Amino acid sequence: MAAIIPIPAFADNYIWLIREGSSAAVVDPGDAAPVIAYLDAHALALTAIVTTHHHADHVGGNRELLARWSCPVLGPAHETIPGRTLALGEGDRVDVPGLPVTFDVLDIPGHTAGHVAYVGAIGATPTVFSGDTLFAAGCGRLFEGTPVQMWSSLSKLAALDPATRVYCGHEYTLANLRFARAVEPANRHMEEREAREQDKRARNEPTLPSTVGAERLTNPFLRAGEPAVRAAAEAHAGRALPDVVATFAELRAWKNAFR
């Protein structure tokens, strides 16, 4: 059965390696060195590179990996991805070369203009690789998109099966939960989750994957339609907010300056 391995990179990135037998694919290899070290240590051949968006900390290792292994590079159709051989977008379905894994592709712009997510089953487990759009208890900054786009993208991801495991690009969970608790201090699910995630980090373990169900309960950016979240956003803004997109936009602006 295929397994997903976290490979830490830089200060807080995760490169996700999917392996079965002697084959492996990597998702968002911003740095080639730790990927090469893992593949060599486990005698694995790289059969595919899977990319969610164009930022350097997600694609920076592509060229070096391709110099060692000749393999397809899957990536968003509307972004420039080093070495890309297959351009993908909403509605596409793709078999990952060398692995018993099939992904459905979702367009999830907002963080970047052409960001995509990959949804499928690893073994029997529903899984999404969400890049920097949906984080554990948070979401990405809007570098290239609008609040309308990002809210739509997050809503797509929130509509996935609650059991879907969420593999995102960064270890931001504890910082995100601090903000989430400032927004919803009475949310008991956040308090319980924060304790669990603190225990994981104390053991130097990743807080990921999360699940879509956990995000619905504890992620303020998915909960912008909840009365308590809207009330907190309005209090922060000092004005009434007309709709859920305005609430989401205020939450994102609040988080940008939150310390």
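Remember, predicted model here, so these are calculated numbers, not experimental data.

A.B. asks: Got a minute to help me understand the packing of helix H8 (residues 227-237) against helix H9 (residues 244-256) in this structure?
C.D. replies: Where H8 meets H9, the axes come as close as 9 Å, and the angle between the chain directions of the two elements is 60°. Between H8 and H9, the angle is such that the two are oblique. Where H8 crosses over H9, the handedness of that crossing is left-handed. Of the residues in H9, those touching H8 at Val-229, Arg-230, Ala-232, Ala-233, His-236 and Ala-237 are Thr-247, Glu-250, Leu-251 and Trp-254.

A.B. asks: Can you walk me through the side chain of Glu-184 in this structure?
C.D. replies: Along the chain, Glu-184 falls in the loop between helix H5 (173-183) and helix H6 (188-202). Residue class for Glu-184 comes out buried when judged on its relative accessible area of 8%. One polar contact links Glu-184 to Arg-223, side chain to side chain, over a distance of 2.7 Å.

A.B. asks: Could you clarify how one ought to interpret the sheet that holds strand E6 (residues 86-88) in this entry?
C.D. replies: Taken in spatial order, the 6 strands line up as E1-E2-E3-E4-E5-E6 in an open sheet, and their pairing is mixed. Either end of the sheet is taken by a strand with one partner, and the two such strands are strand E1 (3-9) and E6. Across the sheet, the mean angle from the axis of one strand to that of its neighbour is 25°, orientation sign disregarded. Pairing between E1 and strand E2 (residues 13-20): 7 bridges, direction antiparallel. Residue pairing in the sheet places Ile-4 in a bridge with Ile-18 of E2.

A.B. asks: How should helix H4 (residues 147-158) be read in this particular structure?
C.D. replies: Since there are 3.6 residues in each turn of an α-helix, residues three or four apart along the chain are aligned in direction. Here H4 contains 12 residues, and its C-alpha end-to-end distance of 16 Å stays within 8% of the 16 Å for a straight helix at 1.5 Å per residue. Taken together, the buried positions of H4 are Met-150, Trp-151, Ser-153, Leu-154, Leu-157 and Ala-158. The buried residues of H4 occupy an angular sector of 160° when projected down its axis, which confines them to one face.

The rules behind the values
Residues numbered from 1 in each chain as written. Predicted model: local features only at pLDDT ≥ 70, side-chain atom pairs only at ≥ 80, totals over all residues. Heavy atoms only, no water. Axes fitted to C-alpha atoms, helices over the stretch in contact; angles between N-to-C directions. Helix = DSSP H or I, 4+ residues; strand = E, 2+ residues; numbered from the N terminus. Parallel < 35°, antiparallel > 145°, perpendicular 65-115°, else oblique. Left-handed = near helix turned anticlockwise from the far one by under 90°. Contact = heavy atoms within 4.5 Å. Buried < 20%, exposed > 50% of the residue type's maximum accessible area, 1.4 Å probe, protein only. Polar contact = N/O pair within 3.5 Å; in protein donor to acceptor, adjacent residues only side chain to side chain. Pairing = 2+ DSSP bridges. Expected span 1.5 Å × (residues − 1). Arc of directions from axis to C-beta.

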